Amino acid sequence: MQVFKLVFKLIKENSVSIMITLIVTVLISLLFVKTGAMGATFNEDIKASIHIVDKNNSEQSKDLVSYLKEKCEVIDMEEDLIEESLFYQQLVYVLYIPEDYDTTLMSGERVHLQKKVCANSAGSYLVNQYVEEYLTATQNYVKYMPSASFKEISKLVKNDFSKEVKMEVKQSESKDNIHLYFNFFGYSFVCSIIAGIGYSMHKLSTREIKRRNIISPMKNINLNIQQILAYACFAVLIFVVAITFGYVIFYDSMQAVFVPYMILNLGVYLLPCLGLAYLIGTIIRSLEVQNGMANVLGLIMAFLGGSFVPQSLLSDALIQIASFTPNYWFVKANDALYDMKTFDFENLKPIFSYMGIEVLFAAVFFFIAIIYAKFKRSNVV
Amino acid sequence: MGVIIKYRLKCFLKNKMLLFWTLCFPIILSTIFNFVLKDLQNLVPLETISVAVVEGDNKTLTSLVKEFSNPKSENYILDASFVDEDKAHQLLDDNKVSSILYVDQKARVVANKYNYDTTILKSIINSYSRVYSQVEYLVTKDPALFQTLVINDLFENDAQIEQLKSESSGKDMNMIYFYNIIAMVCLYGMLWGVRICSDAQATQSKRAARINISPLPKLKMLLIDYGISFILIVSEILIAFAYLYFVLNISFGDTFPLMALVVLACSLTSLSLGTLIATTQMKFEAKVGIITSATVLLNFLAGMMSSGIPFLIKEYLPVLTYINPADLIVRSFSTMYYSVNLDRVYLNIAILTGMGIIFLILSYLRIRRVSYASI
């Protein structure tokens, strides 16, 4: 197993770079899950992010703010950050309470507020609904009970709002976005595995080493098998590290019933990643280009396949294009597993077929790489 | 001097694969982004809410639902199907409706999961509960009101919420993904920096050894290399810009001179940062690995994979928004795109230039006195 050992020596030589790639990608995937990214699920009524500029600062305005705090996520920020927050869609609604809010409200006159919103968003509609509902409720009491104090009115309004409609949610069990952690590896595995395998293939493909290998008594097929075996072991190592990180950081979420199937899917996904890394290592000689290409291919496949943007948000045409990447089938399997209610063979059948397609991709990548290598070998001497 | 420039330029241009990829990368990635992000909504858009209504004995609530599902009404938001219970559950299971509304005295909503549709529906139905509660209280307190109270009046909103014009209104946040591509091309300029430095240190390559024993001063050589690489990076970025602007119609605002300044400043920073990294004693491969990983990390923090990240960084680690070159570039372009206040852009250009100069000085200090007993 000389070649096998040599490959690991080379990988060890480049361990700094591989470790950095792996740590960076795992770190990114953790942040990705923690932020929920797109496609997050909720376990209660949705709370839109809003900011309130209270120029009145009265008992009445504070009551409105306190009501909105129950219904929305009120974010405090500097005035000059409002526009940026609206652009980055971290806020969907900014409410400006005017200086004369309390007197207008209590006199029964028309209250005049101002807002800035993220145009045409469900969140801004919802917040507007809350504000209007609060004002209507309060103004009704002001109109029909003119002698009542605001404290009394506020109490009555709170009582009215406590009588909420009953809500039954079928899928109310709490599910973390752990599938996003797995989906993200659709990107990070491509980068890490190409970084590791690319380097050793780059070293082994130098003209002097190739010449030495050709005249060695070891058969070419034996040499290739040992090489591929070493790459496979390296990929498994990366897989183990990824899963270990998952269990260490998301221990509770990793106990979900679908997680073992996702781990299996991730294991299968190693194959097309290995195939792709082997193909790139065979075709591209420059290390800078290999690294750049790993990122570019990783990003393209991740965006197309749904690692970053949920597949449900992609257009049909794009889905058609994405189906020519292994990452698409990997993410599709993960998403289907995440939504699955019963894990019997009938339901799991499509998942296994997606995994089969991933294996087919691996076979195609290896096939092209071997054909290319055979074609190029005649030019070595 | 002219001969040196000519041969060094030849040397750089011979690295065709790197040139090709740093050029092709933004074109391929931005084309894909354009396909993926064209119709992508980061926010949940406001659309009619499909709901299956199971009619009961609550006439007031039925008329409220009909009001909200009348396309001619200004309150129109619901796409209500009045069906029996079995059909309603079938529609819900088939995801044809987002929820079922039972319109009886104890109104209730059944849904598959919580989302904006269910929250909005709940809020509409809550207004009925609120009015019901108000009528109950007011009539109990003053029975005379029973004769005069008009229930519809209690639904009427008399407040006016004026919408102010927002600078960012109607601006597409997905632009930051394209700005990230420009930032990534700039940061890949670090690879050119590594090349320059590798050719300046005799222990790094055969060519570097040859250059070191030549009578040419190291500073002169570095400046020539630096100038050529700088022109190459700026040319690559300009080509990427041209593609984004003319082919994909990506908007960068109208301040072209300022854009050019940002491009020059970030090219300077990435090149000098690459040079600084190259002065370390690590292997060439490790340096390339660090640069590519760092580029991805910096771009991730600037929002390349999830647009919410830059805001989180600003909230929890604001200092990073002032030292992350990718973030400085993306924020500069996004500010030019949505805002008329360009103070942040000037600040970012100053920071990028300052960082570039500091990295350059540090790199020179590290390699200027290095001499070799034997090469």
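In the block above lies the structure referred to throughout.
Visitor: Can you explain the overall build of chain B? Please cite residues and give values.
Guide: Broken down by element type, chain B carries 16 helices and five strands. For chain B, whose C-alpha radius of gyration is 31 Å, the value lies well above the compact-globule estimate of 21 Å for 375 residues. Its C-alpha atoms give chain B principal-axis dimensions of roughly 105 × 40 × 35 Å. Burial analysis of chain B (375 residues in total) assigns 55% to the buried set. Counting only contacts in chain B whose residues sit at least 6 apart along the sequence, the fraction spanning at least 24 positions is 73%. Total accessible area on chain B is roughly 16800 Å²; 60% of this is exposed by carbon and sulfur atoms. The averaged location of the 30 negative side-chain charges in chain B is 25 Å from the averaged location of its 33 positive side-chain charges.

Visitor: Account for empty space enclosed by the protein, naming residues and giving values.
Guide: Summed over the entire model, instances satisfying the criterion amount to five cavities of 30 Å³ or more. In this structure, the largest cavity spans a volume of roughly 100 Å³. Thr21(A), Cys191(A), Asn295(A), Thr292(B) and Ser293(B) are the residues nearest the centre of the largest cavity, which is lined by 14 residues in total. Elements with a contribution of two residues or more to the lining of the largest cavity: helix H2 (15-34), helix H8 (178-204) and helix H12 (287-305) of chain A together with helix H12 (284-301) of chain B. Across the lining of the largest cavity, the residue classes tally to six nonpolar, eight polar and no charged.

Visitor: Run through unusual backbone geometry, naming residues and quoting values.
Guide: Residue and element names in this part refer to chain A. With a phi angle near 50°, asparagine 57 is a residue other than glycine that sits in the positive phi range. If you trace the backbone, asparagine 57 turns up in the loop between strand S1 (49-54) and helix H3 (59-71). The exposed category is assigned to asparagine 57, whose relative accessible area is 52%.

Visitor: Talk me through the pattern of salt bridges; I want residue IDs and the actual numbers.
Guide: Residue and element names in this part refer to chain A. The tally for this structure, following the rule as stated, stands at 11 salt bridges over all chains. Lysine 158 is paired through a salt bridge with aspartate 63; the nearest N and O atoms lie 3.3 Å apart. Taken together, the residues span a long stretch of sequence, with lysine 158 in helix H7 (residues 150-162) and aspartate 63 in helix H3 at a distance of 95 residues. Take lysine 158: its relative accessible area is 44%, and that puts it in the partly exposed class. Among the salt bridges present, the one from lysine 71 reaches glutamate 164, with a minimum N-O distance of 2.6 Å. Linking lysine 71 in helix H3 with glutamate 164 in the loop between H7 and strand S5 (166-169), this pair joins segments that are 93 residues apart in sequence. Using a relative accessible area of 16% as the deciding quantity, one classes lysine 71 as buried. Residue glutamate 164 is classed as partly exposed on the basis of its relative accessible area of 35%.

Visitor: Hey, could you go over a nonpolar patch on the surface for me, with residue numbers and the actual values?
Guide: Where nonpolar side chains cluster on the molecular surface, the patch consists of Tyr316(B), Leu317(B), Val319(B), Tyr322(B), Ile323(B) and Leu347(B) and spans about 610 Å² of accessible area. As for its placement among the helices and strands, Tyr316(B) is situated in helix H13 (residues 309-316).

Basis of the calculations
- Residues numbered from 1 in each chain as written.
- Chains lettered and ligands numbered in written order.
- Predicted model: local features only at pLDDT ≥ 70, side-chain atom pairs only at ≥ 80, totals over all residues.
- Heavy atoms only, no water.
- Helix = DSSP H or I, 4+ residues; strand = E, 2+ residues; numbered from the N terminus.
- Rg over C-alpha atoms; globule rule 2.2 N^0.38 Å.
- Buried < 20%, exposed > 50% of the residue type's maximum accessible area, 1.4 Å probe, protein only.
- Contact = heavy atoms within 4.5 Å.
- Areas by Shrake-Rupley, 256 points an atom, 1.4 Å probe, with all protein chains shown as cover.
- Lys, Arg positive; Asp, Glu negative; His and termini not counted.
- Charge placed at Lys NZ, Arg CZ, Asp CG, Glu CD.
- 1 Å grid on protein atoms, 1.4 Å probe; cavity = no way out; pocket = protein on both sides within 12 Å on 5 of 7 lines; lining within 4 Å.
- Points joined across faces, edges and corners; volume = space filled by probe spheres on them.
- Nonpolar A, V, L, I, M, F, W, Y, C, P; charged D, E, K, R; others polar.
- Salt bridge = Lys/Arg side-chain N within 4 Å of Asp/Glu carboxyl O.
- Patch = residues over 30% accessible without salt bridge, like charges linked within 9 Å, V, L, I, M, F, W, Y side chains within 5 Å.

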